[in-house]
Amino acid sequence: MSKTILSIEDLSKTYQTAGGLVSALDHVSFQLQEGELLAVMGTSGSGKSTLLNLIGAMDEPTTGVIKVNGIYDKTMFKEPKATIYRRENIGFIFQSFNLLKDLSVEENIALPLILKGEKDGVVKEKVSKMLKIIGLEEWRTHRPVELSGGQQQRVAIGRALITSPPIILADELTGNLDFNTSTDILQTLLKMKEAFNQSIIIVTHDPSVATYADRVLFFHDGKIVDEYTCTEETEDMNAILQKFQRILERPA
Ligand code: ADP
Ligand code: MG
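## Details of the nonpolar core
So, step 1. Within the largest apolar cluster, 44 residues are counted, with the highest numbers of intra-cluster contacts made by Ile 93, Ile 109, Leu 173 and Val 216.
So, step 2. When residues of this core are assigned to their parent elements, the largest contribution, five residues, is made by helix α5 (residues 149–161).
So, step 3. Excluding residues within four positions of it along the chain, Val 216 makes contact with Ala 39, Met 41, Ala 210, Asp 226, Glu 227, Tyr 228, Cys 230 and Ile 240.

And the structure:
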């Protein structure tokens, strides 16, 4: 039986800008099941990054509720609670990898464990295991600049997943990678999801990436305007392409 890990209820975000109010997210509701891989597709500016930022408590919603395991804590967006919430619940993976350039591969991956106050022995053991999963054992002492884009993203995935956070948020994680490298990254992510039973939201504008998902939500103008449940791969690609095409043709 599936269990809801994340419940988004009537979530809205309005930004105050010099040009007036911008509605980035407009009464969005959906649920994420434990172990589910959910893809979020949408035009540029449709509110995808805003959604991930709110779920990650990087920003505070204007209205609405974010429940993790059925619990809503409206103070979760304020520091120091936001940092604690993120540390316990969220792994972030970005398009630009966001690795610390002065740290080695193993130091980058170890960072969340060290911030959590894990003992040296535990850190060493977990990092070694992770290096094996992401296939970078021989690169452990190298710095990010010495790695290819795909290798850097594997480090970022390792870092995001090292503390086994229940929820992974990935914003265009293959956006800077070629097709073969993207495939490799998505396979790595799936392998780790399987190993740790994590729930993942992946923002993408690439239909072939979305076919890896269990379900796809289509965003336009801050709202969910369509949805697709994946079945069999060849069929999925066409269905997702078609639905995405329809959204691209909508007036802004
Ligand atoms: P996406 O990730 O789908 O491209 P975003 O969530 O980044 O879209 O942005 C949604 C809308 O909100 C856009 O119109 C964007 O300009 C606006 N927006 C996002 N962040 C801010 C911000 N910090 N301040 C003002 N407007 C913002
Ligand atoms: Mg974005």
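Okay, back to it.
## Brief notes about the packing of aromatic side chains
So, step 1. Counted by the stated rule, this structure contains one aromatic pair.
So, step 2. Aromatic side chains Phe 92 and Phe 94 sit 5.2 Å apart centroid to centroid with 10° between the ring planes, which places their arrangement in the stacked category.
So, step 3. By relative accessible area, Phe 92 is classed as buried at 15%.
So, step 4. Judged by its relative accessible area of 25%, Phe 94 is partly exposed.

## Focus: the pairing of strand β7 (residues 199–203)
So, step 1. Across the five residues that make up β7, a large majority, five, are buried.
So, step 2. Of the two faces of β7, the one lined by Ser 199, Ile 201 and Val 203 and the one lined by Ile 200 and Ile 202 are each fully buried.
So, step 3. As paired elements, strand β3 (residues 37–42) and β7 share four bridges and run parallel to each other. Looking at the pairing, Leu 38 lines up with Ile 201 of β7.
So, step 4. The pairing of strand β6 (residues 167–171) with β7 spans five bridges and is parallel. Note that in β7 the partner of Ala 170 across the bridge is Ile 202.

## Observations concerning unusual backbone geometry
So, step 1. Look at the link from Glu 79 to Pro 80: it is a cis peptide, with omega at 5°.
So, step 2. Inspection of the secondary structure puts Pro 80 in the loop between β4 (63–68) and α2 (81–89).
So, step 3. One non-glycine residue, His 27, lies in the positive phi region at around 55°.
So, step 4. Along the polypeptide, His 27 turns up in strand β2 (residues 20–33).
So, step 5. Positive phi, close to 50°, is recorded for Asn 69, a residue that is not glycine.
So, step 6. Note that Asn 69 resides in the loop between β4 and α2.
So, step 7. Classification of Asn 69 by relative accessible area gives partly exposed; the value is 39%.

Parameters and conventions
Residues numbered from 1 in each chain as written. Chains lettered and ligands numbered in written order. Predicted model: local features only at pLDDT ≥ 70, side-chain atom pairs only at ≥ 80, totals over all residues. Heavy atoms only, no water. Core = buried A, V, L, I, M, F, W, Y, C linked by side-chain atoms within 4.5 Å. Buried < 20%, exposed > 50% of the residue type's maximum accessible area, 1.4 Å probe, protein only. Helix = DSSP H or I, 4+ residues; strand = E, 2+ residues; numbered from the N terminus. Contact = heavy atoms within 4.5 Å. Phe/Tyr/Trp six-rings, centres within 6.5 Å; stacked < 30°, edge-to-face > 60°. Pairing = 2+ DSSP bridges.

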